[in-house]
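Observations on the model geometry
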Amino acid sequence: MQKKAVTVIGGGPAGLMAAEVLAAGGVQVDVYDAMPSVGRKFLLAGKGGMNLTHSEPYDAFLSRYGARRPQIAPLLDQFSPEALRAWVHALGIDTFIGSSGRVFPTDMKAAPLLRAWLHRLRQAGVRFHMRHRWLGWDEAGTLCFETPQGPASVSADAVVLALGGGSWARLGSDARWVPLLAQRDIPIAPLLPSNCGFETGWSEYFRERFGGHHLKSVAIMLDPADGDKPALRKQGEFVITADGVEGSLIYALSAGLRDRIAADGKATIQLDLLPDWPLQRVIDEVARPRGARSWSSHLQSRLGLKGVKTGLLRELVPAADFVDPLRLAHAIKALPLTLLAPRPIDEAISSAGGVAFEALDPQLMLTALPGVFCTGEMLDWEAPTGGYLLNACMASGRAAGSGVLSWLR
C-alpha cells in the first residue's frame, strides 16, 4: 500500500517538529523552504546562547502567553518544558538551567542540536527541498512553488504550513503567506512587532554620546492601563540605541508598551536608576553638601551614578530640578521616559498576530481548508523571550503533526 504523502512548508522548529511526528506516524514527509537551508532563524537566535525553554513553575510559564494562554496551554500540555528537555537529551545534547531559570544546551550552541535533529529526520525518511518558495494553490488545489529550475507543482494528502511570522525577513520569515491565505478568506490578525525596541527621540548629543551603552541594574515601572491594577515593575538591563531603547528588560514589556502606543500615541515608563536603594537613602545622599564638586561628581561620589545613568538624568530632568535635592532624588528613583513608537517589525525578535485560532479546529486544521494545518509563529499568539517562543513553536508543530495523522486516519 502506498504511503500517504504530507507536505510541510517551512523549515523552522515548528515545521521540523511536525515533520518528525509525521515521519514517526508512517507517512512520507517532504519539507519545502524558500531559503537555501532550514532553521536559519533558529541558528541566529542561538548565537547569543541557545535558550530552549524555561524552568519556572508551570503555571507561571503558561501565564507568559497572555490572552492566548487558553489556546497555547493544550499544546504545551503535550510538549511541556520537561518534555522538550527530554527530547533534546534524546538527541545526545545535554542541558542546564541558568541562574535566570532559562534552559540552555550545555555548549550554549544551536548548530549541534540542529545537525543532530536533521540527521534523525533524514534517517526517518524526511526529504528536504530548498529554495522552493510557496506561491499558493492552482485551480485544481495543487501546491505551486517557485524554484531555481522554474515553476513546480506538488500534490499531497495533507499540508502543514509553518511559514513563520513577519520578523527577520532575510532569514525567511517574510509574511508573504498572508495574502495567499487572506484571498481564501482565512481570518488573519495584523502582524505586529513583538519583543522589539522603541523609539524615544533622543537629543543629538545623547544619541552620539551614549548610543550602544548598556543600562545595567535598573528597574522599569509601568502604570497599568486599568487603574484598578497595581503598577508593573521589572528589574534587569537594556541598551540605549541611536533611536531609542531595546534589550531584555524592554522586550519583557514590549507587548503592553506597543499596545499602549497604539491606543494613546505614546507610552511613558519610569526608570529606577538605583533599584536596590530606598528612596529616603537617595534623598539623604543627594542632599549632602557638594561643595565645589559638579553634580556629576557629586552623584558619582554619593550614589555611584555615572556614565549613561548620569547622561539620562541630564537628558530627561529639567535643569531647575538639579538644584532641588528632593526633586532630583525622586527623578533618580522614577525617571519618566516617553516611548514614541515601536521599531519596525523586521527588526523585532518575533511578531504578534497571524492566523486566528478561531479559524482552526483543536488539531490546528483550517476549518475552511480541510487537510491544511497551521503551526508556529504564523499563528496569532506572542510571548516574551526566555524560551517561551521556541517551546510553544515546537509544541504547536507536534500538535499539527499529530492532527494530520488523526485526519488521515
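Residues numbered from 1 in each chain as written. Predicted model: local features only at pLDDT ≥ 70, side-chain atom pairs only at ≥ 80, totals over all residues. Heavy atoms only, no water.

1. A word on the environment of A124
- Here A124 shows up in the loop between α6 (111-123) and β6 (127-129).
- Look at A124 and you get partly exposed, because its relative accessible area is 43%.
- As for A124 and A19, which are separated by 105 residues in sequence, their C-alpha atoms are 9.7 Å apart. (Helix = DSSP H or I, 4+ residues; strand = E, 2+ residues; numbered from the N terminus. Buried < 20%, exposed > 50% of the residue type's maximum accessible area, 1.4 Å probe, protein only.)

2. A short note on the packing of aromatic side chains
- Evaluated as defined, the whole model comprises eleven aromatic pairs.
- Grouping aromatic residues by their ring pairs yields a cluster made of F61, Y65, W381 and Y388.
- Here the guanidinium or amino end of R314 rests over the ring plane of F322, the centre of that ring lying 4.2 Å away. (Phe/Tyr/Trp six-rings, centres within 6.5 Å; stacked < 30°, edge-to-face > 60°. Lys NZ or Arg CZ within 6 Å of the ring centre and 35° of its normal.)

3. Considering the sheet that holds strand β16 (residues 267-272)
- Spatial ordering of the open sheet is given by β17-β16-β13-β14-β15-β12-β18, a layout of seven strands whose pairing is antiparallel. Strands at the two margins of the open sheet, each flanked by one partner only, are β17 (335-339) and β18 (341-342).
- Pairing between β16 and β17: five bridges, direction antiparallel. Looking across to β17, one finds that T268 is bridged to T338.
- Contacting β12 (198-199), β13 (214-222), β14 (232-240), β15 (244-246), β16, β17 and β18, helix α9 (residues 248-264) crosses the sheet at an angle of about 110 degrees to β14.
- Taken strand by strand, helix α13 (residues 325-333) contacts β13, β16 and β17, and its axis lies near 105 degrees from that of β16. (Pairing = 2+ DSSP bridges. Contact = heavy atoms within 4.5 Å. Axes fitted to C-alpha atoms, helices over the stretch in contact; angles between N-to-C directions.)

4. Observations regarding α13
- Listed as buried for α13 are L328, A329, A331, I332 and K333.
- Its buried side turned inward, α13 meets β13, β16, α10 (279-286), α11 (295-303), α12 (308-316) and β17.
- The N-terminus of α13 is capped by D324, whose side-chain oxygen sits 3.1 Å from the backbone nitrogen of L326. (Polar contact = N/O pair within 3.5 Å; in protein donor to acceptor, adjacent residues only side chain to side chain.)

5. Let's talk about the nonpolar core
- Counting residues in hydrophobic clusters, the biggest one holds 83 residues, and the most contacted among them are W117, W134, L161, V355 and W381.
- At twelve residues, helix α14 (residues 388-408) tops the list of elements feeding residues into this core.
- The residues touching L161, leaving out its near neighbours within four places in the chain, are I9, W134, L181, V372, F373, C374, T375 and M378.
- Counting 43 residues, the second largest nonpolar core, distinct from the first, contains W295, L305, F322 and L328. (Core = buried A, V, L, I, M, F, W, Y, C linked by side-chain atoms within 4.5 Å.)

6. Quick look at the environment of A329
- Tracing the sequence through the fold places A329 in helix α13.
- Ignoring sequence-local partners within four residues, the contact set of A329 consists of L279, V282, I283 and V286.

7. With respect to the packing of helix α5 (residues 81-90) against α6
- Across the interface, α5 lies against α6 with an axial gap of 10 Å and an inter-helix angle of 75 degrees. Considered as vectors, α5 and α6 are oriented roughly perpendicular to each other. Residues W87, V88 and A90 of α5 form the contact with α6, whose own contacting residues are L113, W117 and R120.
- By residue class, the composition of the contact of α5 with α6 is five nonpolar, no polar and one charged. (Parallel < 35°, antiparallel > 145°, perpendicular 65-115°, else oblique. Nonpolar A, V, L, I, M, F, W, Y, C, P; charged D, E, K, R; others polar.)

Function-wise, these values are silent; they only describe arrangement.
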